[in-house]
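An overview of the molecular structure
Read off the chains here:
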Amino acid sequence: MLLEDKNVVVYGAGGAVGSAVARGFAHEGARVFLTGRDLGVIDAVAKEIVAAGGKAETAIVDAGDEKAVTEHLDAVVHDAGSIDVSFNAIGISPRGLQGIPLADLPVENFLRPITTYSQAHFVTAKSAARHMIARGSGVIMMHTPEPARLPLPLVGGMSVGWAALEGLNRALSAEWAQYGVRTICLRTTGMVETPVIDVVYGLHADALGITKEQFTSAAGAMSHRKRPTTLAELTDAAVFLASDRASAMTGTVANLTGGIIVD
């Protein structure tokens, strides 16, 4: 098991990405601490993990609230002894943020993803790093879709917010890798299995005057392999990158876009 005896905290664990990655971590032997705003949702994920033989615990935590995050991590360390991996998978609704030309987008709607993502990721990374630096090891992980790098229309401030996360990933590594704390960003395409992408593609299709099926097909055709990233592919990569086998990787973006972006 790649993550045996590791303690992992997942933020946004009730979402499609957070829950899939949490299950993957648990399957590889990690003890996962699931956080989110809806206890019922993350409790359901925890029950699935436990039923499959894994170890999972839950707590209501707002990832943008430094006090709440700090107190939760202190409790985790007191109970489990360490935090080995912090994976932030929070998301926000795309309604009112995407599918709108920049010239028509209200300033507050442009800024919302930039400030929300930047604050939450900085808070969770900073709070975890306090414990990781003291132990001399740890992995901080985040996830972005391809507009973080690829210029696409009608994405609003989302693309800027995601690009900020990739920049934050590099900055954190520059300061913390020397203390044994690695930072990794996983970049995927939009994943059609997730409910949020169903909404996003609908917004873009409406704005372009085409059907959602047509937009989905066109988006998938952009990659070299002519299909989008899957949740399973993201999960497998996250598990490997969180493990000690990826010890030389830090401050980098794992490109899982299937060729939409070629580094």
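Let us look at the structure shown here. (Residues numbered from 1 in each chain as written. Predicted model: local features only at pLDDT ≥ 70, side-chain atom pairs only at ≥ 80, totals over all residues. Heavy atoms only, no water.)

1. Notes on the sheet that holds strand β1 (residues 7-11)
Strand order in the open sheet made by the seven strands is β3-β2-β1-β4-β5-β6-β7, with parallel pairing throughout. Whereas interior strands pair on both sides, the edge strands pair on one side only; in this sheet they are β3 (55-60) and β7 (252-256). Ignoring which end each strand starts from, the neighbouring axes of this sheet average 20° apart. Note that strand β4 (residues 85-88) and strand β5 (residues 138-145) share four bridges and pair parallel. Across the sheet, F87 pairs through a bridge with M141, a residue of β5. Strands in contact with helix α3 (residues 66-80) are β1, β2 (31-36) and β3; relative to β2, the strand with the most contacts, it is inclined by about 160°. Set on the sheet, helix α4 (residues 107-135) makes contact with β1, β4, β5 and β6 (181-188); between it and β4 the angle comes to about 180°. (Pairing = 2+ DSSP bridges. Helix = DSSP H or I, 4+ residues; strand = E, 2+ residues; numbered from the N terminus. Axes fitted to C-alpha atoms, helices over the stretch in contact; angles between N-to-C directions. Contact = heavy atoms within 4.5 Å.)

2. Digging into unusual backbone geometry
Of note in the backbone geometry, D5 takes a positive phi value of approximately 70° without being a glycine. For D5, a relative accessible area of 62% puts it in the exposed group. A positive phi angle is found at L154, which is not glycine, with a value near 65°. Note on placement: L154 falls in the loop between β5 and α5 (158-176). Look at L154 and you get buried, because its relative accessible area is 17%. (Buried < 20%, exposed > 50% of the residue type's maximum accessible area, 1.4 Å probe, protein only.)

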